[in-house]
Amino acid sequence: MPKITPKDLARIREKSRQSTTLREGAGRAKVTVHMGTCGIAAGARDIMSALMKEVESRDVKDVLVTTSGCAGLCSREPMITVELLDQPPIKYVDLTKEKMQKIFEDHVMNGNIVNEYALAVGSERAH
Amino acid sequence: MKPYRAELMVCAGTGCVSNGAFQVKDALENEIKERGLENEVRVVTTGCNGFCGVGPLLVVHPDGIFYQLLTTKDIPYLVEEHFLKGRPVQRLMYTPPEDKLPVPKMSEIEFFKHQMLIALRNRGIIDPENIEEYIARDGYTGLAKALNGMTPEEIIQTVKDSKLRGRGGAGFQTGVKWELTRKAKEKTKYIVCNADEGDPGAYMDRSILESDPHSILEGMIIGARAIGAQQGFIYIRHEYPLAMKRLLIAIDQAKEYGLLGDNIFDTGFSFDIQVHRGAGAFVCGEETALLSALEGQRGEPRPRPPYPVEHGLSGYPTNINNVETWANIPVIISRGAKWYAEIGTENSKGTKVFSLVGKINNTGLVEVPMGIKLRDIIYGIGGGIPDGKKFKAVQTGGPSGGCIPDSLIDLPIDYESLKEAGSMMGSGGMVVMDEDTCMVDVARYFLTFTCDESCGKCSPCRDGTKYLLDILTRITEGKGNMEDLDLLEGLSKVVKETALCGLGQTAPNPILTTMKYFRDEYESHIKDKKCPAKVCRQLNIYTIDEERCVTEGHGCGVCMRECPEKAITGEKKKAHKINQEICVKCGACYDVCRFGAVIVE
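Within every chain, residues take consecutive numbers counted from 1 along the sequence as written. Whichever chain is written first becomes A and whichever ligand is written first becomes 1, with later ones labelled in order. Where totals are concerned, whole chains, interfaces and linings use all residues; where local detail is concerned, this predicted model gives features only for residues with pLDDT of at least 70, and gives and counts side-chain atom pairs only at 80 or more. Calculation of side-chain values draws on the structure's entire complement of heavy atoms; hydrogens and water are dropped beforehand.

Quick notes on the overall build of chain B
Stated formally: The helix and strand labels rest on DSSP assignments: H or I over at least four residues marks a helix, E over at least two residues marks a strand, and numbering proceeds from the N terminus. Values of the radius of gyration come from C-alpha atoms, whereas the globule rule sets the reference at 2.2 Å times the count of residues to the power 0.38. Exposed residues in this analysis have more than 50% of their type's maximum accessible area, buried residues have under 20%, and partly exposed residues fall in between, with area computed by a 1.4 Å probe over protein chains only.
Regarding its fold elements, chain B presents 25 helices and 18 strands. In terms of overall size, chain B behaves like a compact globule, its C-alpha atoms giving a radius of gyration of 27 Å where 601 residues would be expected to give roughly 25 Å. A principal-axis box enclosing the C-alpha atoms of chain B has dimensions of 85 × 65 × 40 Å. For chain B, buried positions account for 59% of its 601 residues.

So, the overall build of chain A
Helix and strand counts for chain A come out as five helices and five strands. Mapped in sequence order, the helices and strands of chain A form the string α-α-β-α-α-β-β-β-α-β. Oriented by its inertia axes, the alpha-carbon framework of chain A measures out at about 55 × 30 × 30 Å. Residue burial in chain A is summarised as follows: out of 127 residues, 46% are buried.

Looking at the environment of B:I251
Residue and element names in this part refer to chain B. Selection criterion: Residue contacts follow a heavy-atom distance rule, with two residues in contact if any of their heavy atoms lie within 4.5 Å.
Tracing the chain through its elements places I251 in helix α11 (residues 241-256). A relative accessible area of 5% places I251 in the buried class. Counting along the chain gives 37 residues from I251 to H214, while the straight-line C-alpha distance between them is 7.9 Å. Ignoring sequence-local partners within four residues, the contact set of I251 consists of L217, L260, I273 and V275.

Points about the packing of aromatic side chains
Residue and element names in this part refer to chain B. Threshold: Only the six-membered ring of Trp is used, alongside the rings of Phe and Tyr, when aromatic pairs are assigned; centres must lie within 6.5 Å, and planes under 30 degrees apart are stacked while those over 60 apart are edge-to-face, with the rest tilted. Comment: the charge-over-ring label is applied if NZ (Lys) or CZ (Arg) is within 6 Å of the ring centre and within 35 degrees of the ring normal.
With the rule as written, the count across this model stands at 14 aromatic pairs over all chains. With a centroid separation of 5.7 Å and 80° between ring planes, the pair formed by F51 and F112 is classed as edge-to-face. With F51 in the loop between β2 (41-46) and β3 (58-61) and F112 in helix α4 (residues 110-113), the pair connects residues that are 61 residues apart, well separated along the chain. Residue classification places F51 among the buried residues on the basis of a relative accessible area of 1%. Ring geometry for Y134 and Y140: centres 5.2 Å apart, planes at 80°, overall edge-to-face. These aromatic residues form a ring-pair network of at least three members: F51, F66, Y94, F111 and F112. The lysine or arginine in question, R237, covers the ring of Y240, its NZ or CZ lying 5.4 Å from the ring centre. Positioned above the aromatic ring of F354 is the side chain of K352, whose terminal nitrogen or guanidinium carbon lies 5.9 Å from the ring centre.

Some points on the interface of chain A and chain B
Note the following rule: As a working definition, buried area equals the accessible area (1.4 Å probe) given up by two parts on being put together, with both sides summed. Basic side-chain nitrogens of Lys or Arg form a salt bridge, by our definition, when they fall within 4 Å of a carboxyl oxygen of Asp or Glu. Side-chain atoms alone can form a polar contact between residues adjacent in sequence; in general such a contact is a pair of N or O atoms within 3.5 Å, and within protein one must be able to donate a hydrogen while the other accepts it. Under the scheme applied here, ten amino acids are nonpolar (Ala, Val, Leu, Ile, Met, Phe, Trp, Tyr, Cys and Pro), four are charged (Asp, Glu, Lys and Arg), and all others, including Gly, are polar.
If you look at the interface, chain A gives 35 residues, while chain B gives 47 residues. Counting the surface lost from both chain A and chain B, the interface buries some 3,300 Å², and carbon and sulfur atoms represent 56% of this. On the chain A side of the interface with chain B, the three residues burying the most area are A:K3, A:L22 and A:R23, jointly 22% of the side's total. The tally of links from chain A across to chain B stands at eight salt bridges. For B:E132, the salt bridge identified is with A:K15, shortest N-O distance 2.9 Å. Inspection of the region where chain A meets chain B yields 14 residue pairs in polar contact (both at pLDDT 80 or more). Among the elements of the structure, α1 (6-15), α2 (17-24), α3 (37-41), α4 (44-58) and β2 (63-68) of chain A are those that each provide at least two residues to the side of chain A that touches chain B. Split into classes, the residues belonging to the side of chain A that touches chain B amount to 14 nonpolar, 13 polar and eight charged.

Concerning the sheet that holds strand β9 (residues 318-322) of chain B
Residue and element names in this part refer to chain B. The condition is simple: Think of it this way: DSSP has to see at least two bridges between two strands before they count as a pair. Every angle, taken between N-to-C directions, lies between 0 and 180 degrees, and every axis is a line fitted to C-alpha atoms, over only the stretch in contact when it is a helix.
Strand order in this open sheet of five strands is β7-β8-β6-β5-β9, and the pairing throughout is mixed. Each edge of the open sheet carries a strand with a single partner, namely β7 (261-264) and β9. If you compare each strand with its neighbour and ignore which way they point, the axes differ by 25° on average. In this structure, strand β5 (residues 190-195) lies alongside β9, joined through five bridges in parallel fashion. When the sheet's bridge partners are listed, N194 is paired in β9 with N322. Taken strand by strand, α11 contacts β6 (231-237) and β8 (269-278), and its axis lies near 165° from that of β8.

Here's the deal with the pattern of salt bridges
According to the stated counting rule, one finds 55 salt bridges over all chains in the structure shown. A salt bridge links A:R11 to A:D8, with the shortest nitrogen-to-oxygen separation between them at 3.5 Å. With a gap of three residues between them, A:R11 and A:D8 both fall in helix α1, about one helical turn apart. The class for A:D8 is buried, based on a relative accessible area of 19%. Look at the salt bridges and you will find they share partners, linking A:R23, B:E7, B:R42 and B:E133 into a network.

Remarks on helix α19 (residues 482-498) of chain B
Three- or four-residue spacings in an α-helix give side chains the same orientation, since the helix completes a turn every 3.6 residues. Threshold: For a helix, the expected span equals 1.5 Å multiplied by the residue count minus one.
For α19(B), spanning 17 residues, the distance from its first C-alpha to its last is 25 Å, which sits close to the expected 24 Å at 1.5 Å a residue. Where α19(B) is buried, its residues meet α18 (459-476), α20 (502-506), α21 (509-517) and α22 (519-526) of chain B.

A word on α2(A)
With six of eight residues buried, α2(A) lies mostly within the body of the structure. All of the buried residues in α2(A) are A:Q18, A:S19, A:T20, A:T21, A:L22 and A:R23. Looking at the packing, one finds that the buried side of α2(A) touches β2 of chain A together with β1 (6-11), β2, β3 and α5 (131-136) of chain B. Once α2(A) ends, the next one or two residues include A:G25, with phi positive near 60°.

Quick notes on unusual backbone geometry
Omega for the bond connecting A:E77 with A:P78 falls within 30 degrees of zero, at -5°, which places this linkage in the cis form. Its place among the elements puts A:P78 in the loop between β2 and β3 (80-84). A cis amide bond, omega 20°, links B:H61 with the succeeding residue B:P62. In this structure, B:P62 sits in the loop between β3 and β4 (65-67). Non-glycine residue B:K534 carries a positive phi angle of around 60°. Secondary-structure assignment places B:K534 in the loop between α22 and β15 (542-544). The exposure class assigned to B:K534 is partly exposed, which follows from its relative accessible area of 43%.

Quick word on the sheet that holds β2(B)
Residue and element names in this part refer to chain B. Strand order in the open sheet formed by four strands is β2-β1-β3-β4, and the pairing between neighbours is mixed. With one partner strand each, in any of the chains shown, β2 and β4 form the two edges of the open sheet. Strand-to-strand, the axes of this sheet are offset by a mean angle of 20°, without reference to chain direction. In this sheet, β3 lies alongside β1 in antiparallel orientation, the contact comprising four bridges.

Things to note about the packing of α19(B) against α22(B)
All names here are of chain B. For clarity, the cut-off: Angles below 35 degrees are treated as roughly parallel, those above 145 as roughly antiparallel, those between 65 and 115 as roughly perpendicular, and all remaining angles as oblique.
Following both chains from N to C, one finds α19 and α22 inclined at 140°, their axes separated by 9 Å at the closest point. The angle between α19 and α22 places the two elements in the oblique class. Residues M482, L485, D486, L488 and E489 of α19 lie in contact with α22, whose contacting residues are R519, Y522, E523 and I526.

Next comes the structure, spelled out in structure tokens:
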């Protein structure tokens, strides 16, 4: 490691931004993969791998990926929920790797909801 | 850098480590591998999070879920439920006392919610052994600013304007001290970081060193530039192996990145830091004794003036600041003096880290703005006193400080208010005491400590603390008389005024404050030969509740077996009895009785 300059500080900060986003919990988008037993049986792990691959290959640093339990609609698994900052969450159902890639490209990256795979806008209320 | 969807921050401060944090970390890593999650979920070890009473603990990002009191047995279930299936595990979360529902998020737990982190800004958020994580959180930007855009005078002015005061105890203005050292005539100058934290119950310096060592290094490099020092020393106590290890790693990394050594940031400024391991003498926290120890002499203080800023290490001007003070510097430089000076009270700016220990529900390290009320620390952040007991007093400032009684619970905490109450800020220890604490015994405890740690160089401290301790011991044993109180008070004042260094000058404080606020307890020890809190066993009378002994304990006989003087007689299934003439009041019977049949009066 050669000596660093003040400019290198900014470079290192940028490199670690994905991790910083994660720890501050302040991403531009959040994708939740539903990982109940039903989801896993229907292939949610593959969806997760595909999703992580997208994040890595595109080098996106402001998207949070997380898991949650079964969303209650087990017959339509695998399922994900996409939330862009300040927008209502969208649930996508009956997913495959290819569908996941398209959703990532259109919705997560460009903000256009993929209507043909979407179940509904919004989440049921907790409590 | 490979992206992960979740990061598991395992607390690896000394508190959690001694409760098995590294075993928990290994179990987590194994289980994550087992489940094939190693490319999605990453385990990171961090420094102390501060909530030491509930360790080992784990914070899960991105959601900030807080898990506590973990054991390796919990890990397989936790990994499957939370990290695979996304269902946070409630039973491993924190539940506030007197509440049934757990609080999942760290940011919503009372203990964390009211804190304001400046010195501890990176605690639990970064891996202390990785310099890039520190840089990712704006580390070394203060240094870049100080070296590239500011003159040494401007740096000193910024620190003066921030009104930062020394966090080691006395509260001297840091910027003024820097200026005095800079203006001293000799060209060779030194700076020192005092990491010889020794107050019983205080561990904030250790925690900062363990969780964010680079913040100290950055603060010192900025200080060296401002003062014109070429060499720095960190005097750290031998009892802090983990802090030392992380500090040495941090120094190596800073050297590798060119942040320490020759020609830093190509500005022509060179500075190096050397770590000196202390041998465990409390007096070496006093600055002149620390310097003697650094020089290889006996760790004994010398008279001031001359102050170290003029005549310090090997006779050269030396600026000594405490760990927490150094940790504040980088943020003050990068965010500006104005921002810092807006926090706190008129004469005490910024925040202070306190270690909240003793009879308190939430034990740990808390950083709060100056001026916060004692009540908010004890009942808000601290969650009150365990087992529904009554709050009695809090000892601030360790053995050099004094106790603050219940009646002053609304006292705003800053340097002046604590001094006025007879105590001091000290390094920030807060030992909470409840109704079961005897204040005479507390004074005796602290005097045992200072008497033991007195270096013996000056007689007021060497003989004075010993004599004070003798009087206190006499009182706790029921052998005191009323003249002893005047003697205690008078002698305390003499020691305070005539001792050579801070150790002796402050040693009588616990006596003076307990006498001021709890004189009735001293009097009842002397006049009634009674200890109201029933702590001083020589003043207690132990008897057995005969009915309870039979109905609850069926005359189990455990007390009889345990009594070293064979003062207890009785048969199985029948009531036992204590012969008061033989009893030496050791209290062993009380300690072993599981049925509450031994009564203390």
